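# Coordinates in review
Residue-level listing of the chains:
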Amino acid sequence: MDKISLDEFPVQTRSRFLAANLFAGADLGMWSFGRDRELYYSTCSNVKEFSAFLELSGCMEFLYQNLEAWKKPVILSDQLGLIWIAEDMYSEGELQCLLLIGPMFLSKVSVKSIEDSLRERISSIFMQRQMMRTISAVPVITLPMMYQYAKMLHYSMTSERIWPADFIYQSEETRRYLQGEDEEASALIQSDPERVMTGERLILQAVRDGNLNYKELIKDRKDFENELISRSENFLRDAKNTLLILNALCSRAAVQGGLSAKTAREVELRYTAQIEKADIITELQAVRERFLEEYIRKVREGKANPLISKSVRECCDYIRANVTKELTVQSIASELGYAPYYFSKKFYRETGVKISDYIKQARVDYARIVLLSSKKSIQEISDLLHFGTRNYFCKVFHDLVGMTPAAYREKVEREQE
């Protein structure tokens, strides 16, 4: 297939098309400036405030002092951790426009570090709060996503592909900051694969259970969300491959949860087509959210028992989403707005199971996942799930599974060899 060339379209047309896609797909703003720093247009919210950031941080000064030197995307950052991507466009020796994408934060930036930086620079508490409200709307992205946006900007302007090694950085500090993010992310995935595996098992269990609180289960597992099955220079293709596999696994888990094989297959094929059609990473993320939501909701609807009330189903979901927290009948009833005695009776009447026994079952189900996807000791798992003592954990596990945790781990590992 021939390479798609955008050369027949004027620069401003190409830039506006890219700006519309970035805004719609990732809430990212785009800016277009002329030679005299005149702002042609911006799709960014709070243009006035972020224009001031660009000037005060020295980013604009840095760009305009070296305009003719830029032949590749330039990555800029400021003291707050805001990231910008810039590239200029020349035609017959004349600057057509200077384009910027941003602002954005990388995922490693903490709210506390931003607040601390603002306090150092702004004495007024009112102004600090105003700035935090403005900054709270800035998109937070991963480093690979930032690389993708820079590649998209360059290709839109030149019809040429480019790789991260070719990018230009505002300073060595900016380069180290970004490379540190890259090394940190790589080290996390390489050194702790069990977290990735546990995250996958938890999400598939949520599909089987029809648990709509699945986001709570993986909210602290960013390594699972960002892990790629394959790693090549084509990040989009790698992300698609990863999502295709997750889609297939969720389809199988939905069948195990009671969804008909025909319905599960129809959902899988529909989202397979959407994955392949996606052009940017943020679109893939939206597809993932949609198919997880649909699989879980369909399984949930299939499990729905007209004799079980909404409040009791919410209780079950709450327990499974919070198994690693200290759970009591009192705390759960209070969370759901009921008196403990009344709700305890209601739960038993509708399910035939005591709340305390349901908590034990949920914790044992979670323990089975941790046993198979991590190297945690029996004591560590017992402590994680608040069983009190290792012996009590082993007793409850044996009562529900028919063997001890150690025997269960050994048996499954032997079967998988």
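Residues numbered from 1 in each chain as written. Predicted model: local features only at pLDDT ≥ 70, side-chain atom pairs only at ≥ 80, totals over all residues. Heavy atoms only, no water.

### Focus: the overall build of the chain
When helices and strands are counted, the chain shows 20 helices and seven strands. The contacts of the chain with a sequence gap of at least 6 include a subset with a gap of at least 24, amounting to 63%. Counting only carbon and sulfur atoms, one obtains 51% of the accessible surface of the chain, whose full area is about 22,000 Å². (Helix = DSSP H or I, 4+ residues; strand = E, 2+ residues; numbered from the N terminus. Contact = heavy atoms within 4.5 Å. Areas by Shrake-Rupley, 256 points an atom, 1.4 Å probe, with all protein chains shown as cover.)

### Quick notes on the pattern of salt bridges
Scanning the model with the defined rule gives 13 salt bridges in all. Between Asp365 and Arg320 there is a salt bridge whose closest N-O contact spans 3.0 Å. Here Asp365, found in helix 17 (residues 355-373), pairs with Arg320, found in helix 14 (residues 310-321); they are 45 residues apart in sequence, far enough to count as distant. As far as the burial class goes, Asp365 and Arg320 line up, both buried. (Salt bridge = Lys/Arg side-chain N within 4 Å of Asp/Glu carboxyl O. Buried < 20%, exposed > 50% of the residue type's maximum accessible area, 1.4 Å probe, protein only.)

### Quick look at helix 14
Across its 12 residues, helix 14 extends 16 Å between first and last C-alpha, which sits within 8% of the 16 Å expected from 1.5 Å per residue. Every buried residue of helix 14 is accounted for by Ser311, Val312, Cys315, Cys316, Asp317, Ile319, Arg320 and Ala321. (Expected span 1.5 Å × (residues − 1).)

### A short note on the side chain of Ser311
Within the secondary structure, Ser311 sits in helix 14. At 3.1 Å, the side chain of Ser311 forms a polar contact with the side chain of Ser309. What Ser311 contacts, discounting residues up to four positions off in sequence, is Leu336, Tyr338, Phe343 and Lys346. (Polar contact = N/O pair within 3.5 Å; in protein donor to acceptor, adjacent residues only side chain to side chain.)

### Concerning the packing of helix 1 (residues 11-26) against helix 6 (residues 143-158)
Relative orientation of the contacting elements helix 1 and helix 6 amounts to 155°, with a least axis distance of 9 Å. Taken together, the axes of helix 1 and helix 6 lie roughly antiparallel to each other. Crossing of helix 1 over helix 6 shows right-handed handedness. For the pair formed by helix 1 and helix 6, the contact residues are Val11, Arg14, Ser15, Leu18, Leu22 and Ala26 on the first element and Tyr149, Met152, Leu153, Ser156, Met157 and Thr158 on the second. Class assignment for the residues of the contact of helix 1 with helix 6 results in eight nonpolar, three polar and one charged. (Axes fitted to C-alpha atoms, helices over the stretch in contact; angles between N-to-C directions. Parallel < 35°, antiparallel > 145°, perpendicular 65-115°, else oblique. Left-handed = near helix turned anticlockwise from the far one by under 90°. Nonpolar A, V, L, I, M, F, W, Y, C, P; charged D, E, K, R; others polar.)

### Notes on the nonpolar core
With 32 residues, the main nonpolar core has Ile319 and Phe347 as its most contacted residues. Of all the secondary-structure elements, those providing two or more residues to this core are helix 14, helix 15 (329-336), helix 16 (340-351), helix 17, helix 18 (378-384), helix 19 (390-401) and helix 20 (405-416). Tallying contributions element by element places helix 17 first for this core, with 11 residues. Other than its neighbours up to four places away in sequence, Phe347 contacts Val312, Cys315, Cys316, Gly352, Val353, Lys354, Ile355 and Tyr358. Ranked by size, the runner-up nonpolar core spans 31 residues in total, among them Met30, Ile75, Phe167 and Tyr169. (Core = buried A, V, L, I, M, F, W, Y, C linked by side-chain atoms within 4.5 Å.)

### Quick notes on unusual backbone geometry
Cis rather than trans, the peptide bond between Gly102 and Pro103 has omega equal to 0°. Phi is positive for Asn46, close to 55°, though the residue is something other than glycine. Along the polypeptide, Asn46 turns up in the loop between strand 2 (39-42) and helix 2 (47-56). Its identity is not glycine, yet His386 carries a phi of approximately 60°, on the positive side. Mapped onto the elements of the fold, His386 is located in the loop between helix 18 and helix 19.

### Topic: the packing of aromatic side chains
The tally for this structure, following the rule as stated, stands at 12 aromatic pairs. Here the aromatic rings of Tyr338 and Tyr342 are separated by 6.0 Å at their centres, their planes lie at 20°, and the arrangement is stacked. Judged by its relative accessible area of 45%, Tyr342 is partly exposed. Measuring from ring centre to ring centre gives 5.9 Å for Phe393 and Phe397, while their planes differ by 70°; the resulting arrangement is edge-to-face. (Phe/Tyr/Trp six-rings, centres within 6.5 Å; stacked < 30°, edge-to-face > 60°.)

### Regarding the environment of Thr404
Positionally, Thr404 belongs in the loop between helix 19 and helix 20. At 3.1 Å, the side chain of Thr404 forms a polar contact with the backbone nitrogen of Ala407.

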